[in-house]
Amino acid sequence: MRSRLVDLVLPPRCGGCRRVGSWLCGDCRSHIRRLEEPLCRRCGAEVESARSDCGCRSRLRSLTRLRSAAAYEGPLEAALQRFKYYGWRRLAGPLALLMAERMVVEGVAAPWAVAVPLHSSRLRQRGFNQSELLVREIRRLLSLSTPPGMLVRTRATPPQVGHDRRWRLDNVRDAFEWRGAALGGRSMLLIDDVATTGATLEACAAALRAGGSGSVMGVSVARVNV
Ligand SMILES: [Zn+2]
Ligand SMILES: [Zn+2]
């Protein structure tokens, strides 16, 4: 893993193809696949025909909407892996920009944005929370103020990868808590790097609602097709 210092002195290198010059080169940018309409109006999954929801309503109760900038494949998948597992923190800028562009297109907005938190044990292991880096960039890009508290993960949960929807929902249920001032019915943006079934976002949204929020809109850089 590259240290912070190395990250500062090395010239920018593309997270998609490692080419020197920028953190996400034009060639890789052009190969990022944006999700194609029709999308489920609720969870943003690519669906066969336009409907109000794809059947996700019964499991995504607290999450009002979910939108992702692009599909988790190709250069974007490579960039997200380098960002998350190899510590290429500077990718937060270009990745957040992809999200912000999507939010403008979709008309997704809220006064506050929070990140999906890591449990403290995972945070110590990785050294940073990738979603927290993204949310800082989102706040800067959209000129949002800092929310009056924080979303915390109250227990460590096994990784969601490789399990079905039901297992994922149960795994993260009640694993989050809003600590701070009551949110007064205001809507919230909930930021994560990758979304799959939306189970983690749903558990976070439930915690925000318990904290008094209004609608909760999940936004991720990438979407895994399930
Ligand atoms: Zn590239
Ligand atoms: Zn859906």
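Refer to the structure above for everything that follows.
Residues numbered from 1 in each chain as written. Chains lettered and ligands numbered in written order. Predicted model: local features only at pLDDT ≥ 70, side-chain atom pairs only at ≥ 80, totals over all residues. Heavy atoms only, no water.

A few points about the pattern of salt bridges
For the structure on display, the rule yields 13 salt bridges. In this structure, R179 and E177 form a salt bridge, with 3.0 Å as the shortest nitrogen-oxygen distance. Accessibility expressed as a relative area gives 36% for E177, which makes it partly exposed. Residues joined in a network through salt bridges with shared partners are R33, E36, E46 and E73. (Salt bridge = Lys/Arg side-chain N within 4 Å of Asp/Glu carboxyl O. Buried < 20%, exposed > 50% of the residue type's maximum accessible area, 1.4 Å probe, protein only.)

What to know about the environment of L133
As for its position among the elements, L133 is in helix α6 (residues 130-142). Assessed through its relative accessible area of 14%, L133 is described here as buried. Once the C-alpha coordinates of L133 and C25 are considered, the two residues, 108 residues apart in sequence, prove to be 20 Å apart. Ignoring any residue separated from it by four or fewer positions in sequence, one finds L133 in contact with F83, R89, A92 and F128. (Helix = DSSP H or I, 4+ residues; strand = E, 2+ residues; numbered from the N terminus. Contact = heavy atoms within 4.5 Å.)

Concerning the coordination of the zinc ion (ligand 1)
The coordination sphere of the zinc ion (ligand 1) contains the protein donors C14 (SG), C17 (SG), C25 (SG) and C28 (SG), at a distance range of 2.3 Å. For C14, a relative accessible area of 0% corresponds to the buried category. (Donors = N, O, S within 2.8 Å, 3.2 Å for Na, K, Ca; no water.)

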